[in-house]
Amino acid sequence: MTGRNVLIVDDDPEIAELLAAVLELYGFAARTVNCGLDGVRVALEHRPDAIILDLMLPDIDGVEVCRRLRSDERGKDTAVMLLTAALGDQHRQRALDAGVNRYMNKPFDAEGIVRELIELMESTVNRPPVPPVN
Amino acid sequence: MLVGQLDAERIAKAVEVFAREAYGDRGLPNDRRHLLEIRGCDSLARMLSVKGVERLKSSLANRLDGFAVRVGRTGYPPMKMTILPYGDTSDFVFGVDTHDRLELPPNAPDFEEFQKVRQFNQQLAGRIERAFEAAGLPTQASMLKDFLRRRREQLEAAGGTA
């Protein structure tokens with residue numbers, strides 16, 4: 001997974017940066033943004049291999065971010081993992097309908113999210129590796 | 001032992017930390033002071049009998065249930081302290097549920113006002129979680145920091161990368 005690009009969209013800058021640091025330890029190249037509209041813009045502009053997306057964002061929520069990505073040719077194949085603090089599954093169907101590939105509960109443990117991300121990318125990423133974006 | 005590695009004393013301490021941020025130096029208002037009864041609870045059943053404490057049932061078979069304590073804040077009583085399982089581990093972390101997820105269309109009359117409330121809640125939640133961490137209580141951020149520190153030490157000792 002060395003050099004694979006991951007975009008983290010989380011409204012908590014500290015969590016986003018900590019998660020980016022975790023992913024970088026495992027060889028990923030991580031970029032962070034803190035709102036949904038920036039998430040859509042950066043994802044379409046830089047075409048990361050995967051996006052880790054918080055459900056709760058200050059402008060549009062994570063499901064809406066995914067829906068907008070899927071409606072654009074540049075974002076339709078990107079692997080998307082949605083994070084949410086909701087323990088129930090009320091958002092699950094809405095997320096899957098929007099094209100979310102994987103759903104993970106917050107709080108997440110570091111090794112668990114890396115494992116899920118690797119599985120997600122192995123199952124969905126067909127594009128060849130691209131140079132890291134910084 | 002009450003909830004994973006968290007005992008009643010630590011949960012009550014977290015309530016006090018939350019209340020200090022949410023209500024200022026006067027701490028919990030009178031109608032929430034009973035939450036400190038958690039300190040004396042010697043079982044999960046007893047803690048769940050305290051008014052304002054609830055179990056958050058997990059929909060995942062392999063995941064432990066979480067808990068919420070309705071501490072509230074000045075002007076917004078529904079805000080909650082959460083005690084949630086940390087991933088697939090047996091650890092728990094403290095956090096904040098702002099309890100303000102409401103699907104309001106942008107043209108709704110209260111939309112702007114509610115956005116301000118949500119923004120305030122989010123900022124307060126951040127302050128509370130930092131205060132938890134400063135008090136030595138586990139949070140999502142503190143667990144990630146601990147992991148990074150341990151992992152870097154392991155890599156340094158091994159002289160390589162992941």
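Within each chain, residue numbers correspond to sequence positions counted from 1 in written order. Note on labels: chains are lettered from A, ligands numbered from 1, in written order. With pLDDT at 70 or above as the cut-off, local features in this predicted model cover only qualifying residues; side-chain atom pairs require 80 or more to be listed or tallied, and sums for whole chains, interfaces and linings still use all residues. Hydrogens are left out, water is left out, and the side-chain values use all remaining heavy atoms of the structure.

It is worth spelling out the interface of chain B and chain A at this point. Here a residue-residue contact requires only that any non-hydrogen atoms of the pair lie within 4.5 Å. The interface is formed by 31 residues belonging to chain B together with 28 residues belonging to chain A. Buried surface at the junction of chain B and chain A, summed over both partners, amounts to about 2500 Å²; 61% is from carbon and sulfur atoms. Definition used for salt bridges: Asp or Glu carboxyl oxygen within 4 Å of a side-chain nitrogen of Lys or Arg. Linking chain B with chain A are one salt bridge, by the criterion used here. The closest approach of N and O atoms between B:K145 and A:E14, which form a salt bridge, is 2.8 Å. Two N or O atoms count as a polar contact when they lie within 3.5 Å, although within protein this holds only if one can serve as hydrogen donor and the other as acceptor, and sequence-adjacent residues are included solely when both atoms are side-chain atoms. Our count for the chain B to chain A interface comes out at four residue pairs in polar contact (both at pLDDT 80 or more). Every helix listed is a DSSP run of H or I at least four residues long, and every strand listed is a run of E at least two residues long, numbered separately from the N terminus. Among the elements of the structure, strand 3 (80-85), helix 3 (111-134) and helix 4 (140-158) of chain B are those that each provide at least two residues to the side of chain B that touches chain A. As a working rule, the residues Ala, Val, Leu, Ile, Met, Phe, Trp, Tyr, Cys and Pro are called nonpolar, Asp, Glu, Lys and Arg charged, and the rest polar, with Gly in that last group. Grouping the constituent residues of the side of chain B that touches chain A by class yields twelve nonpolar, eight polar and eleven charged. When two components associate, each loses some accessible surface as probed by a 1.4 Å sphere; the sum of these losses over both components is called the buried area.

Residue and element names in this part refer to chain B. Within the fold, D42 resides in the loop between helix 1 (8-23) and helix 2 (44-48). Taking relative accessible area as the criterion, D42 reaches 62% and is therefore assigned exposed. The sequence separation of D42 and D7 amounts to 35 residues, and the corresponding C-alpha distance is 8.8 Å. Burial classification: accessible surface area is computed with a 1.4 Å probe over protein chains only, and a residue below 20% of its type maximum counts as buried, one above 50% as exposed, and the rest as partly exposed.

Residue and element names in this part refer to chain B. Along the polypeptide, R10 turns up in helix 1. Judged by relative accessible area, R10 falls into the partly exposed class, the value being 28%. With sequence-adjacent residues up to four places away left out, R10 is seen in contact with Q5, F94, G136, L137 and P138.

With that out of the way, let us pick up the sheet that holds strand 4 (residues 92-97) of chain B. Hydrogen bonds between backbone groups are what pair the strands of a sheet, and the pairing can be parallel or antiparallel. Residues and elements named next belong to chain B. Spatial strand order, 1-2-3-4: four strands in an open sheet with antiparallel pairing. Both outer strands of the open sheet, strand 1 (53-56) and strand 4, are each paired with one neighbouring strand and no more. The average angle at which neighbouring strand axes cross in this sheet is 25°, direction not considered. Each pair of strands is called paired provided DSSP finds at least two bridges between the two strands. Where strand 1 lies against strand 2 (residues 66-69), four bridges are found, and the strand directions are antiparallel. Paired with L56 across the strands is G66, a residue of strand 2. The angle between two axes is taken between their N-to-C directions and runs from 0 to 180 degrees, where each axis is a line fitted to C-alpha atoms and a helix contributes only its stretch in contact. Set on the sheet, helix 3 makes contact with strand 3 and strand 4; between it and strand 4 the angle comes to about 155°.

Peptide bonds are trans in most cases, and residues, glycine excluded, mostly fall at negative phi. Residues and elements named next belong to chain A. Here the amide bond leading from K106 into P107 is cis, since omega sits at 0°, within 30 degrees of zero. Structurally, the position occupied by P107 is in the loop between strand 5 (102-105) and helix 5 (110-124). At R47, a position not held by glycine, the phi torsion is positive, near 50°.

This is a description of form; function is not addressed.
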